[in-house]
Amino acid sequence: MRLAILDHGHSLGARLLFAFIRRVSGQPAPEILKLVRYRPDFLGAPMKKVVHEAMRGSSPWSVADRELMAAVVAQTAGSDFCTKAHSAVASRAYSDDARVRATLEDLETAPIEEPLRATLRMLAKLTREHVVDQEDMRSVLAAGASRQQVEDALAVGFAFNMIARLADAFGFFVGGPEVFATGAKFLLARGYR
Amino acid sequence: MSDVMQLREALIQRVLEGDGQAQRELRRSAFDNAGPVGPVGALVEKVALHASQITDDDFAAASASGLTEDQLFEVVACAAIGQASRQQDLALAALAAATAEG
């Protein structure tokens with residue numbers, strides 16, 4: 001981490017939690033956990049609530065679809081950590097790693113539903129160019145996504161445009177596949193609370 | 001307002017108006033990506049627009065300008081939340097315009 005406080009500045013309770021995780025999993029505490037447990041009253045606690053609602057709240061999109069959106073947003077933002085983390089969650093949620101890999105390799109040819117493809121295309125543009133317009137929205141709606149689905153997708157876009165920036169700015173260490181596999185299992189079971 | 005938007009506003013209110021170690025004016029200017037000058041402003045702009053290109057040198061320069069690590073933590077958080085919320089607001093406005101025109 002680029003700020004030493006995010007590695008070594010935590011409360012005793014957080015440090016005990018990190019030690020417990022290391023003992024049980026054999027892996028260090030995830031970087032995102034170190035972020036949300038540092039001064040949680042300032043950032044972590046309110047951030048977890050909005051991210052959990054976007055990713056696990058009631059929505060016409062499945063949890064897997066929303067995790068795929070998170071992975072596409074992260075990949076477009078250039079965040080290696082978040083791309084690996086959320087492609088692992090999406091793969092596990094779909095029970096289909098090939099679907100996720102194909103989407104991240106080429107959105108236009110991936111074997112996914114058209115409303116989802118159009119929504120991912122819009123989210124990628126918003127992340128890449130920081131702007132979308134009415135024509136972009138008409139294209140998503142014409143592909144079959146409902147207004148509610150677009151709003152819910154934009155909530156996911158908010159969450160991961162925020163988190164990807166934090167991960168890249170603070171310099172999250174990108175671990176191996178086993179770290180993300182463990183994280184995916186946890187996030188599917190517990191969500192983001 | 002939906003639950004997720006209410007929670008987003010609570011997050012924004014907390015980082016901008018709640019207690020912090022960086023002055024509220026600095027947190028607000030980082031959120032808006034409009035105001036900080038020098039290395040802190042450069043870091044804020046990178047967080048907002050080119051976060052994947054941030055380097056250790058960007059943090060070192062911002063730190064050398066006098067901010068503590070806790071203040072940098074808050075400034076970066078505000079910049080990230082600000083850019084993400086602006087993008088969401090702009091997209092929601094585009095959606096509203098698209099649906100209003102039928």
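Above: the structure in question.
Throughout what follows, the structure given in this document is the object of discussion. Please read these numbers as outputs of a predicted model, since none were measured by experiment.

## Details of the packing of helix α6 (residues 80–94) of chain A against helix α10 (residues 147–170) of chain A
Residue and element names in this part refer to chain A. The interhelical angle for the contact between α6 and α10, taken along N-to-C directions, is 130 degrees, at an axis separation of 8 Å. Comparing the axis directions of α6 and α10 gives the class oblique. In this structure, α6 contributes F81, C82 and H86 to the contact, and α10 contributes F160, I163, A164 and A167. Here the residues of the contact of α6 with α10 sort into 6 nonpolar, 1 polar and no charged.

## Digging into the packing of aromatic side chains
For the structure on display, the rule yields 7 aromatic pairs over all chains. Here the aromatic rings of A:F81 and A:F172 are separated by 5.0 Å at their centres, their planes lie at 85 degrees, and the arrangement is edge-to-face. Highlighted residues: A:F81 in helix α6 and A:F172 in the loop between α10 and α11 (177–190), separated in sequence by 91 residues. An identical accessibility class is assigned to A:F81 and A:F172; each is buried. Through a chain of ring-to-ring contacts, the aromatic side chains of A:Y38, A:F42, A:F170, B:F59 and B:F73 assemble into a single cluster. We note A:R39 situated over the ring of A:F42; from NZ or CZ to the ring centre the distance is 5.2 Å. A cation over a ring is seen here: B:R8 above A:F158, with NZ or CZ 5.7 Å from the ring centre.

## Topic: the layout of surface pockets
If you add up the space inside the largest pocket, you get close to 930 Å³. In this structure, the second largest pocket occupies an estimated 230 Å³ of space. Lining the second largest pocket are 16 residues, and of these A:Q148, A:D152, A:A155, B:S2 and B:V4 sit closest to its centre. When contributions to the lining of the second largest pocket are tallied by element, the ones reaching two or more residues are α4 (44–56) and α10 of chain A together with α1 (3–17) and α5 (69–100) of chain B. Broken down by element, the residue count for the lining of the second largest pocket peaks at 4 residues, all from α10(A). Along the lines of polarity and charge, the residues of the lining of the second largest pocket split into 5 nonpolar, 6 polar and 5 charged.

## Quick word on the side chain of A:E67
Residues and elements named next belong to chain A. With respect to the element layout, E67 can be found in helix α5 (residues 63–77). Residue class for E67 comes out buried when judged on its relative accessible area of 0%. Residue contacts for E67: discarding those within four places in its chain leaves M55, R56, H86, V89, A90 and Y192.

Procedures and definitions
- Residues numbered from 1 in each chain as written.
- Chains lettered and ligands numbered in written order.
- Predicted model: local features only at pLDDT ≥ 70, side-chain atom pairs only at ≥ 80, totals over all residues.
- Heavy atoms only, no water.
- Axes fitted to C-alpha atoms, helices over the stretch in contact; angles between N-to-C directions.
- Helix = DSSP H or I, 4+ residues; strand = E, 2+ residues; numbered from the N terminus.
- Parallel < 35°, antiparallel > 145°, perpendicular 65-115°, else oblique.
- Contact = heavy atoms within 4.5 Å.
- Nonpolar A, V, L, I, M, F, W, Y, C, P; charged D, E, K, R; others polar.
- Phe/Tyr/Trp six-rings, centres within 6.5 Å; stacked < 30°, edge-to-face > 60°.
- Buried < 20%, exposed > 50% of the residue type's maximum accessible area, 1.4 Å probe, protein only.
- Lys NZ or Arg CZ within 6 Å of the ring centre and 35° of its normal.
- 1 Å grid on protein atoms, 1.4 Å probe; cavity = no way out; pocket = protein on both sides within 12 Å on 5 of 7 lines; lining within 4 Å.
- Points joined across faces, edges and corners; volume = space filled by probe spheres on them.

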